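Each chain, written out:
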Amino acid sequence: PRIIVQLGRYDEKNGPNPAEPIPGYSFLNPTGEGLKNAFKRAGLGAKEAALLLSSVGIIKEITDDAIENKKEEEEDDLQDNSWEKSLPNSFGEKSAIYGAKIGKADFNTNYIKRALQSDKKSEQLLSNFDKALLQDPEIKSYLVKYQGNERAYASDLSDAYTKLTLLGEVYENRIQSKD
C-alpha cells in the first residue's frame, strides 16, 4: 500500500492570504483598530492583543533594564568573567537548567500601570504599539482590568500564549493510505 504523509503545516486553503495587507493596519504607524483587525484575522481577539503586546512591552522593559545594569557592571569590572556564568551546570539548582534570570525586575503588571498613566513622561517611553493599544477602548478595558490583578494577568496570558502557539493547527489524522 502507498502511504501519503503531510509534511509541514497544514493550513486552511480558504483562509486569508498572509501576503495581502491587513485593512487598517500599518507596522510603522499602528492604530488600535488596525491591531484588533490583525489579531482577528489571525484568529485572536482584543483580549489576546492586550495580553500579548503588553507582555512584549514588559519583556522589553526588563531587557532594557538588564542591559543598562550590565553596562554599569562592566564599567566596574576590569576582568570579564561573565562567560563562566553561562556554562551549563547539570548538578546545580533547578533555576540553572533554564538559565540565569535576566535583570533584577520581575514579570509583573507595573508596565501596564505606567502605560495607562497619561503624563508626558510615560508617553515618551511607550512604543507605537503601546500607544495603539491605548487608543482602542476594548483593548484598553482589558489593560485596565489587568493593571491591578497580576494573578488574572498571568493566567490569561498563559491561555493567550497557548492560543498563539496553536494557530493554524488542525487536529485531524493527516495520514492517508491509497491502494
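Reading the values: the criteria
Residues numbered from 1 in each chain as written. Predicted model: local features only at pLDDT ≥ 70, side-chain atom pairs only at ≥ 80, totals over all residues. Heavy atoms only, no water. Helix = DSSP H or I, 4+ residues; strand = E, 2+ residues; numbered from the N terminus. Buried < 20%, exposed > 50% of the residue type's maximum accessible area, 1.4 Å probe, protein only. Contact = heavy atoms within 4.5 Å. Areas by Shrake-Rupley, 256 points an atom, 1.4 Å probe, with all protein chains shown as cover. Salt bridge = Lys/Arg side-chain N within 4 Å of Asp/Glu carboxyl O.

K.L.:
How should the overall build of the chain be read in this particular structure?
P.N.:
Regarding its fold elements, the chain presents nine helices and two strands. The N-to-C order of helical and strand elements in the chain reads β-α-α-α-α-α-α-α-α-α-β. Expressed as a percentage of its 179 residues, the buried residues of the chain come to 23%. Relative to all contacts within the chain whose residues are 6 or more apart in sequence, the contacts with residues 24 or more apart total 75%. With the model as given, the accessible surface of the chain reaches about 13500 Å², and the carbon-plus-sulfur share is 53%.

K.L.:
Sorry if this is basic, but what is going on with the pattern of salt bridges here?
P.N.:
Opposite charge on two side chains permits pairing when their charged atoms draw close. Using the criterion set out here, one finds seven salt bridges in the structure. A salt bridge links D156 to K47, with the nearest nitrogen and oxygen atoms 3.6 Å apart. One end of the pair, D156, is in helix α9 (residues 150-165); the other, K47, is in helix α2 (residues 46-76), and 109 residues separate them in sequence. A residue is classified by how much of its surface remains accessible, and D156, at 14% relative accessible area, is buried. Look at K47 and you get partly exposed, because its relative accessible area is 28%. One salt bridge in this structure joins D64 and K60, with 2.6 Å as the shortest N-O distance. Separated by four residues within a single helix, D64 and K60 lie in helix α2, roughly one turn from each other.

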